[in-house]
Amino acid sequence: MNASPLPSTDLLLGAPAPVVSVKPVVLPAPGRGTDLHVRVSAPATGRDLPVVVLSHGFGSSLDGYAPLADFWAAHGFAVVQPTHLDSRTLGLAADDPRTPLIWRIRVEDLTRVLDGLDALEAAVPGLAGRVDRGRIAVAGHSWGGQTASMLLGARVLDAAGEPGEDMTDPRVTAGLLLATTGRGGAELSPFAAEHFPFMNPDFTGMTTPALVVAGDQDQSALSVRGPDWFTDPYYLSPGPKSLLTLFGGEHSLGGITGYGVTETTDESPARVALIQQLSTAYLRRAFHPGDAAWSAARAALAKDAEPLGRVEGE
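Here's a quick rundown of the structure.

Conventions adopted
- Residues numbered from 1 in each chain as written.
- Predicted model: local features only at pLDDT ≥ 70, side-chain atom pairs only at ≥ 80, totals over all residues.
- Heavy atoms only, no water.
- Helix = DSSP H or I, 4+ residues; strand = E, 2+ residues; numbered from the N terminus.
- Core = buried A, V, L, I, M, F, W, Y, C linked by side-chain atoms within 4.5 Å.
- Buried < 20%, exposed > 50% of the residue type's maximum accessible area, 1.4 Å probe, protein only.
- Contact = heavy atoms within 4.5 Å.
- 1 Å grid on protein atoms, 1.4 Å probe; cavity = no way out; pocket = protein on both sides within 12 Å on 5 of 7 lines; lining within 4 Å.
- Points joined across faces, edges and corners; volume = space filled by probe spheres on them.
- Nonpolar A, V, L, I, M, F, W, Y, C, P; charged D, E, K, R; others polar.
- Pairing = 2+ DSSP bridges.
- Axes fitted to C-alpha atoms, helices over the stretch in contact; angles between N-to-C directions.
- Parallel < 35°, antiparallel > 145°, perpendicular 65-115°, else oblique.
- Left-handed = near helix turned anticlockwise from the far one by under 90°.
- Expected span 1.5 Å × (residues − 1).

Points about unusual backbone geometry
Residue Pro 24 is bonded to the preceding Lys 23 through a cis peptide linkage, with omega at -20 degrees. When you line up the elements, Pro 24 lands in strand E1 (residues 19-27). With a phi angle near 55 degrees, Leu 253 is a residue other than glycine that sits in the positive phi range. Residue placement: Leu 253 occurs in the loop between strand E10 (241-246) and helix H8 (269-287).

This is the structure in structure tokens:
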């Protein structure tokens, strides 16, 4: 049974393929203190596979986000999931000297993945030569959304309000930003302003095309604003962007962080299915401009009598 209001997944995106997944693939990371552990998932068949690098939210790991990673891989993408230093699996101490720099090391993790695609391909039986290096997207949820946004052109403002280093990566041509935090400064709660000074993004240079996904019930303790805070990456960035607003969606967006994850407060298989389908259709449109899945999915959602969300933008 299809849990989404859209047409069946097989009709919209084609039948899923068997998936091959390998973990951990270890990328040497001198100066990081811990080598970078990565999971790589890809369909067992097919060629010219686009790449999606998925940055997890705070505390998660390469084992998180199975509802998204498995779905994308089954529908034609090579999905790469690094474990960042904030992962609970690493147990980094709060007073570790790397802690204040984790936001930056996270971005370097994604760049390291792109630099190491040869090794990652070779680690998965039968994958070598099947990946299209010219079609790369970054995706991220929550803190991972800020991490991914940096490769799309976002920057972090310093204490004087000046943009920091530009970490845009030209190899990345599309993005998926899920429950990604908005503006900093006066928008932050006192706790966030004290503990997360890096949470001060500037989206004015984020020109790479991206789909922004936000829940209209995502009330964050990190901001003095309401759920519309998570729409800032859409409204404050130039270039082609789309916004998917999920009705009733909280920070886990229905449960994208994993099957049965305890921190999911708004469990909804239908909401997760909608994100699976729309995100995949969006990526197909981004990498294959003639692909009809995105426009078909949008039209179906707009016609639904009791829609789970709405799409704005391109």
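Quick notes on the nonpolar core
Of all hydrophobic cores here, the largest spans 47 residues; its most connected members are Val 38, Val 113 and Leu 120. Among the elements that line this core, the one with the most residues is helix H3 (residues 102-115), at seven residues. Setting aside residues no more than four positions away along its own chain, Val 38 makes contact with Val 22, Lys 23, Pro 24, Val 25, Leu 27, Leu 62, Val 80, Gln 81, Pro 82, Val 113 and Leu 120. Counting 39 residues, the second-largest nonpolar core is a separate cluster that includes Ala 174, Val 213, Leu 246 and Phe 287.

Let's talk about empty space enclosed by the protein
Applying the stated rule across the entire model yields one cavity of 30 Å³ or more. Reported here for the largest cavity is a volume of approximately 50 Å³. Considering the residues around the largest cavity, the lining is formed by Val 40, Val 51, Ala 78, Val 80, Leu 117, Leu 120, Glu 121, Leu 127 and Val 131. Elements represented by at least two residues in the lining of the largest cavity include exactly strand E4 (78-82) and helix H4 (117-123). Counting residues per element, the lining of the largest cavity draws most heavily on H4, at three residues. Of the residues belonging to the lining of the largest cavity, the class tally is eight nonpolar, no polar and one charged.

Description of the pairing of strand E5 (residues 131-141)
For E5, a buried count of eight out of 11 residues is recorded, marking the element as mostly surrounded by other parts of the structure. In this structure, strand E3 (residues 49-55) lies alongside E5, joined through six bridges in parallel fashion. Looking across to E5, one finds that Val 53 is bridged to Val 138. Relative to strand E7 (residues 174-178), E5 is paired through five bridges, and the arrangement is parallel.

What to know about the environment of Val 224
In this structure, Val 224 sits in the loop between strand E9 (210-215) and helix H7 (232-235). You can call Val 224 exposed: its relative accessible area is 56%. Separated by 69 residues in sequence, Val 224 and Arg 155 place their C-alpha atoms 21 Å apart. When sequence neighbours within four positions are dropped, the list of residues in contact with Val 224 reads Ala 186, Glu 187, Leu 188 and Ser 189.

Structural notes on the packing of helix H2 (residues 66-74) against H8
Two numbers describe how H2 lies on H8: the axes approach to 10 Å, and their chain directions differ by 40 degrees. By the angle class used here, H2 and H8 are oblique. The hand of the H2/H8 crossing is right-handed. Judged by residue contacts, Pro 67, Leu 68, Phe 71 and Trp 72 of H2 engage Val 272, Ile 275, Gln 276, Gln 277, Ser 279 and Thr 280 from H8. Here the contact of H2 with H8 is composed, by residue class, of six nonpolar, four polar and no charged.

Describing the side chain of Asp 266
Inspection of the secondary structure puts Asp 266 in the loop between E10 and H8. Once you skip the residues sitting within four places of it in the chain, Asp 266 turns out to touch Gly 248, Gly 249, Glu 250, Ser 252, Leu 253, Gly 254, Gly 255 and Arg 271.

Here we look at H8
Between the first and last C-alpha of H8 there are 27 Å, a value that for 19 residues agrees with the 27 Å anticipated at 1.5 Å per step. For H8, a buried count of 15 out of 19 residues is recorded, marking the element as mostly surrounded by other parts of the structure.

Topic: the layout of surface pockets
When its volume is computed, the largest pocket comes out at roughly 640 Å³. If you go around the largest pocket, you meet 27 residues; those closest to its centre are Gly 57, Phe 58, Ser 142, Trp 143 and His 251. Grouping the amino acids of the lining of the largest pocket by side-chain chemistry returns 11 nonpolar, 12 polar and four charged.

Side note on the environment of Leu 152
Inspection of the secondary structure puts Leu 152 in helix H5 (residues 143-152). On the accessibility criterion, Leu 152 (0% relative accessible area) is buried. For Leu 152 and Pro 209, which are 57 residues apart along the polypeptide, the C-alpha to C-alpha distance reads 8.0 Å. Sequence-distant contacts of Leu 152, that is, excluding residues within four places in its chain, are made with Val 138, Thr 168, Val 172, Ala 174, Gly 175, Leu 177, Gly 205, Met 206, Thr 207, Thr 208 and Ala 210.

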